[in-house]
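Each chain, letter by letter, is given below.
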Amino acid sequence: MKRNILKLVEDGFFREAILLYSQRHSSSSRPHRFTFPPLLKACAKLKNASQGRILHTHLLKTGFLADFYSATALTGMYMKLGLIDEGLKVFDEMPDRSLASMNAAISGLTHNGYFREALWVIRSGRYGEFRPNSVTIASLLPACEKSVRLAGTMHCWAIKLGVEKDVYVATSILTVYLKCKEVVLAAKLFKEMPNKNLVSYNALISGLLRCGLWLEVLDAFKQMMERLEEKPNHVTLVSAISACAGLSYIVFGRQVHGMAIKTELVLNIMVGTALVDMYSKCGVWQRAYDVFKELNDNRNLVTWNAMISGMMLNAQSENAVVLFKELLAEGLESDLAIWNSMIIGFAQLGKGIDAFKYFKRMQSAGVAPNLKSITSMLSACSDLSALRSGKEIHGHATRKFVNNDRFMATALMDFYMKCGLYSWARRVFDCVDVKPDDPAFWNAMISGYGRNGDNESAFRIFDKMLEEKVQPNAGTFVSLLSACSHTGQVDKGWKLFRMMITEFGLKPNPIHLSCMVDLLARSGRLDDARELIQNLSEASASVFASLLGACGSNLNSDLGEVMAKRLLELQPESPIPYVVLSNIYAGLGRWKDVERIRRMMDDKECIKFAGFSLLEVT
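As the structure is a prediction and not an experimental result, all values here were calculated from the model.

Trainee: I tried to follow the overall build of the chain on my own but got confused; where do I start?
Mentor: Secondary structure assignment for the chain yields 36 helices and zero strands. A compact globule built from 618 residues should have a C-alpha radius of gyration of about 25 Å, whereas the chain, at 33 Å, is more than 25% larger. On the principal axes, the C-alpha backbone points of the chain span a range of 115 × 55 × 55 Å. When burial is assessed residue by residue, the chain has 45% of its 618 residues classed as buried. Once local pairs closer than 6 in sequence are excluded, the contacts in the chain between residues at least 24 apart make up 60%. Accessible surface, the chain: about 32200 Å² in total, of which carbon and sulfur atoms supply 52%.

Trainee: Honestly, the packing of helix α3 (residues 36-46) against helix α4 (residues 49-62) in this entry has me stumped. Any pointers?
Mentor: Geometry of a packed helix pair, given as the angle between the helix axes and the separation of the axes. Packing of α3 against α4 brings their axes to within 9 Å, and their N-to-C directions diverge by 160°. Overall, the two elements α3 and α4 adopt an arrangement that is roughly antiparallel. Crossing angle aside, the handedness with which α3 passes α4 is left-handed. Residues F36, L39, L40 and C43 of α3 pack against Q51, G52, L55, H58, L59 and T62 of α4. Grouping the constituent residues of the contact of α3 with α4 by class yields six nonpolar, four polar and no charged.

Trainee: I tried to follow the UniProt feature "repeat: PPR" (unreviewed entry) in the chain on my own but got confused; where do I start?
Mentor: Mapped onto the present numbering, the UniProt feature "repeat: PPR" (unreviewed entry) falls on residues 67-101, 197-227, 300-334, 335-369, 438-472 and 473-508. Taken end to end, residues 197-227 has its terminal C-alpha atoms 10 Å apart, with 87% of it in helix and 0% in strand. As annotated, residues 300-334 has a helix share of 74% and a strand share of 0%, and its two end C-alpha atoms lie 11 Å apart.

Trainee: Would you explain helix α17 (residues 269-281) in this entry?
Mentor: Each α-helix winds once per 3.6 residues, and so residues spaced three or four apart point in a common direction. For α17, spanning 13 residues, the distance from its first C-alpha to its last is 18 Å, which sits close to the expected 18 Å at 1.5 Å a residue. Along α17, the positions that sit buried rather than exposed are V271, G272, T273, A274, L275, V276, M278, Y279 and S280. Those residues of α17 hidden inside the fold are in contact with α15 (234-247), α16 (250-262), α18 (285-295) and α19 (301-313). Of the residues flanking the start of α17, the one acting as N-cap is N268, its side-chain oxygen 2.9 Å from the backbone nitrogen of M270. Once α17 finishes, G283 follows within two positions and takes phi at roughly 85°, a positive value.

Trainee: Can you help me understand the nonpolar core in this one?
Mentor: Most often, soluble globular proteins have nonpolar side chains that are buried together. Counting 169 residues, the largest nonpolar core has M342 and L547 as the members making the most contacts within it. A per-element tally of this core places helix α25 (residues 406-418) first, with eight residues. Beyond its immediate chain neighbours, meaning those up to four positions away, L547 contacts V517, L526, A529, R530, I533, L559 and M563. In this structure, F14, A17, Y21 and L55 belong to the second largest nonpolar core, which totals 22 residues.

Trainee: Would you explain the environment of N319 in this entry?
Mentor: Of note, N319 is situated in helix α20 (residues 317-329). Through-space distance from the C-alpha of N319 to that of F34 is 60 Å; in sequence the pair is 285 residues apart. What N319 contacts, discounting residues up to four positions off in sequence, is W285 and M311.

Conventions we followed
- Residues numbered from 1 in each chain as written.
- Predicted model: local features only at pLDDT ≥ 70, side-chain atom pairs only at ≥ 80, totals over all residues.
- Heavy atoms only, no water.
- Helix = DSSP H or I, 4+ residues; strand = E, 2+ residues; numbered from the N terminus.
- Rg over C-alpha atoms; globule rule 2.2 N^0.38 Å.
- Buried < 20%, exposed > 50% of the residue type's maximum accessible area, 1.4 Å probe, protein only.
- Contact = heavy atoms within 4.5 Å.
- Areas by Shrake-Rupley, 256 points an atom, 1.4 Å probe, with all protein chains shown as cover.
- Axes fitted to C-alpha atoms, helices over the stretch in contact; angles between N-to-C directions.
- Parallel < 35°, antiparallel > 145°, perpendicular 65-115°, else oblique.
- Left-handed = near helix turned anticlockwise from the far one by under 90°.
- Nonpolar A, V, L, I, M, F, W, Y, C, P; charged D, E, K, R; others polar.
- UniProt positions renumbered as here; feature names shortened; annotations may be inferred.
- Expected span 1.5 Å × (residues − 1).
- Polar contact = N/O pair within 3.5 Å; in protein donor to acceptor, adjacent residues only side chain to side chain.
- Core = buried A, V, L, I, M, F, W, Y, C linked by side-chain atoms within 4.5 Å.

Now the structure itself:
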């Protein structure tokens, strides 16, 4: 009986092993010492607590509960089933404990999230003074995932015990360091590992991915392919594909795709879903759809969501709707993630009415919205200036969610500002007791005040932002420079521009430069604007267009001609330089030059669209 039951459990025939034992028990066959450990393992695998308790009773009746191996297996079974109290009770009542039984208790506690209790087992010495081994250290490490100090202590303990080079222990320590975002310590540990295997490489690669270090993920992946004889598994490929998606490395992504085909993992649901996501984020939605179709029956709701959100990301909303209908036609129920992909996709594409439509359908289907749904709907309301609907969503959010959530507060402030109700936006801002260090939160108020013409309030919010030691970003300075431009505050604009570069290390982008050029030009300081552009290594067409427009306002033909020439070099088909120059010459009464510009426009077949009015005349 011992041999047959053990073989069945080793081969994964758990139910058959329990059935064989029941038959033998009914025929009064006497069990052996090693009968129960594999049966208890089978109960844990099947998550069958009732059968496990029956075996516990049989252990008591036969006297095998006093056997060290059976008692340890019973402790492990209860722990794996989440029955912590029962597992610890068995452990406490064991007449003879060993390191193996202590490890069963510790791993069971950490497996069920009782990290402090697991550490206390070691510190208290309650279960005897056993010399820990590699299994003990590896079992305790999950308890250190939020504390790099504890992880370091465990690492030192492993060194003291001489098990730090054990691949199982080293990989566990590596995983914890990366979860604590201690990348330098993790890299040093990995480099010193004498025996690296696929599991340790996967721990490194997936940990680097969680830290957002995509380039490092691909470097580690290439190193693994060069130095390891083992083939990558689905975990390796998913990490590499995800890094390619983050970097938009379509060429590398295709190579990993080819590797997935060679290793026959391309139809793996996780690999296939990662490929769909990668191709979508790289802008090749047609290839993403090909992979999606090839997966056929190997698709789940996550795969469908990757494809639908990918279509939305590539502005293929009609295709996303078709996919959504196909999903329902196949008898699948759309989950919250897919509903959100539709709602968020439409909102980001500026199709607020469609976003509303799917939001209502989601509620009718009995799916409750979450913060993502609500913030997306507020964005749609902002674009539509749908004040009443936005207020209704605000009310819904107040009832369902924490009112001072930073994402919710930011969306509400942006909504009210775009609807012109900046006093309501300020009320939301003031209700957030602890202001977040996310610049987007502050930018919503700064840009909102600027949009509504209250520039002094925008500057006051910026001052408060600096007082709270929040790091401004590029968007912050766009709003502030724009406010300076509209109010003609040249000196303040220059001060902010220099502050952005010197104090916060931000490189000016074309929008910042356009704001500065506009600010200088509005004050008639065209030469300063020209000097600013000349000092730049690269300037975009929008910067030259901004200064050209200023030349038009100031009737500066000399500088206007230079800017028109530079703009035509970048945008040879644009009619704007000709139109502005023509208007400058006309304003100066240089009609021959006006005629010359008109002929040039005709020769190049430039089309100036006629103006029209949005006012209906009755």
